[in-house]
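Descriptive analysis of the structure
Chain by chain, the residues run as shown.
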Amino acid sequence: MKRVVVKVGSAVLTQDGEVALDRLQALVLFLVELKKKYEVILVSSGAVSAGYTKLKLDRTLIRNKQALAAIGQPILMKKYAREFEVHKITSAQVLVTSANLDRDDDIARIKNTIDTLLQNGVVPIVNENDATSTQELEVGDNDQLSAYITKHTDADMLIILSDIDAYYTSDPRVDADAKVLKVVHEIPQEELQKEATPNNVFATGGIVTKLKAAAYLLDADKEMFLASGFDLSDVKSFMLDDKHIGGTLFTKV
């Protein structure tokens, strides 16, 4: 059975300062179906936004973001656990730091833990330990973390579900003629050097961090699929029905 990592961004899980429960439920339903065909690892953002529902701190300060993440992580996990339990599936929290992914022994331990969870039918939910680590809070929204997890758990593909529904020839927010690039084999270096431009107050990524994740995985001979997390029809068509209707596949093949 192939192994996939699904990463969902803060913008998808947040609506008007609240956790978007309808989208979280739709995500879990998709993961339940995906789990019938693949081993599934979830990398979830949203802890900061979940924490903000309980305590309104200034999100521009890193220490406040860390505090909000500490509040929000158990809230988010409780919501996931409740939704997975409806389908008689157990979920597990796996907190890592970027430092863990720089050490071979830590990487081996993380992989062993995730392997054991998957072998027992559990869905691992991975997030950066934001209370002690700030890298993804500052830039990335877990895009890079999800790419590292994909590589180091020997997953075959990363799926990023985002407020960005594909990779375009130009920015569709300002160019009405922008076209979706359905398959991308190589990413120009100048695209990787642009500034991150998140669309959502809780997000820290944007298309640039997603392209960096894709480039990292292409170098590792892995694939990445970028699609909308608001409307899951494209990712469902691609992953469940083997039909590439929308979204972008990054692949060397």
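Numbers given to residues run from 1 along each chain, matching the order in which its sequence is written. This being a predicted model, a pLDDT of at least 70 is required before a residue's local features are given, and a value of 80 or more before pairs of side-chain atoms are given or counted; all residues contribute to the totals for chains, interfaces and linings. In computing side-chain properties, one takes all heavy atoms of the structure into account and sets aside hydrogens as well as water.

Observations regarding the packing of aromatic side chains
To be explicit about the condition: The aromatic pairing rule takes the rings of Phe, Tyr and Trp, using the six-membered ring of Trp, and pairs them if the centres are within 6.5 Å, calling planes under 30 degrees apart stacked, those over 60 edge-to-face and the rest tilted. Working definition: helices are DSSP H or I runs of at least four residues, strands are E runs of at least two. Numbering for both runs from the N terminus. Partly exposed describes any residue whose relative accessible area lies between the buried limit of under 20% and the exposed limit of over 50%, with all areas from a 1.4 Å probe on protein chains only and scaled to the type maximum.
Per the stated rule, a full pass over the model turns up four aromatic pairs. Taking the centre distance of 6.0 Å and the plane angle of 25° together, the rings of Tyr167 and Phe250 count as stacked. Taken as a pair, Tyr167 in the loop between strand 7 (157-162) and strand 8 (183-184) and Phe250 in strand 10 (residues 248-250) lie far apart in primary sequence, 83 residues in all. According to the relative accessible area criterion, Phe250 is buried, its value standing at 1%. Ring geometry for Phe225 against Phe238: centres 4.1 Å apart, planes inclined by 5°, an arrangement best described as stacked. Taken together, the positions of Phe225 in strand 9 (residues 223-228) and Phe238 in helix 10 (residues 233-240) put the pair 13 residues apart, joining distant regions of the chain. Relative accessible area serves as the criterion here: at 15%, Phe238 is assigned to the buried category.

Details of the confidence of the model for the chain
Formally: pLDDT is defined as a per-residue confidence score from the predictor, taking values between 0 and 100. Contacts are residue-level and defined by heavy atoms, with any inter-residue pair within 4.5 Å sufficient.
For the chain, per-residue confidence averages 90 on the pLDDT scale, and residues scoring 70 or more make up 92% of the total. Confidence over residues 200-204 falls short of pLDDT 50; this stretch has 23 contacts with residues more than four positions distant or in other chains.

A look at helix 9 (residues 207-219)
Keep this limit in mind: Multiply 1.5 Å by the residue count of a helix minus one, and that product is the helix's expected span.
If you check helix 9, its first and last C-alpha atoms are 18 Å apart, about what 13 residues at 1.5 Å a residue would give, namely 18 Å. By the burial criterion, the buried members of helix 9 are Val208, Thr209, Lys210, Leu211, Ala213, Ala214, Ala215, Leu217 and Leu218. On its buried side, helix 9 packs onto helix 7 (143-152), strand 7, helix 8 (189-192), strand 9 and strand 10. Positioned one or two residues after helix 9, Asp221 has a phi angle of 60°, which is positive.

So, the pattern of salt bridges
Pairs may arise between side chains of opposite charge once their charged atoms sit close together. Using the following cut-off: Should a side-chain nitrogen of Lys or Arg be within 4 Å of a carboxyl oxygen of Asp or Glu, the pair is scored as a salt bridge.
Per the stated rule, a full pass over the model turns up 13 salt bridges. In this structure, Arg109 engages Asp106 in a salt bridge whose closest nitrogen and oxygen atoms are separated by 2.5 Å. One end of the pair is Arg109 and the other is Asp106, both in helix 5 (residues 104-119) and three residues apart, which spans about a single turn. Taken together, the shared-partner salt bridges connect Arg3, Glu39, Lys111, Asp115 and Asp154 into one network.

Side note on unusual backbone geometry
One non-glycine residue with positive phi stands out, namely Asp154, at about 60°. Note on placement: Asp154 falls in the loop between helix 7 and strand 7. Notably, Asp242 is not glycine yet its phi reads approximately 60°, a positive angle. For Asp242, the position within the fold is in the loop between helix 10 and strand 10. Taking relative accessible area as the criterion, Asp242 reaches 62% and is therefore assigned exposed.

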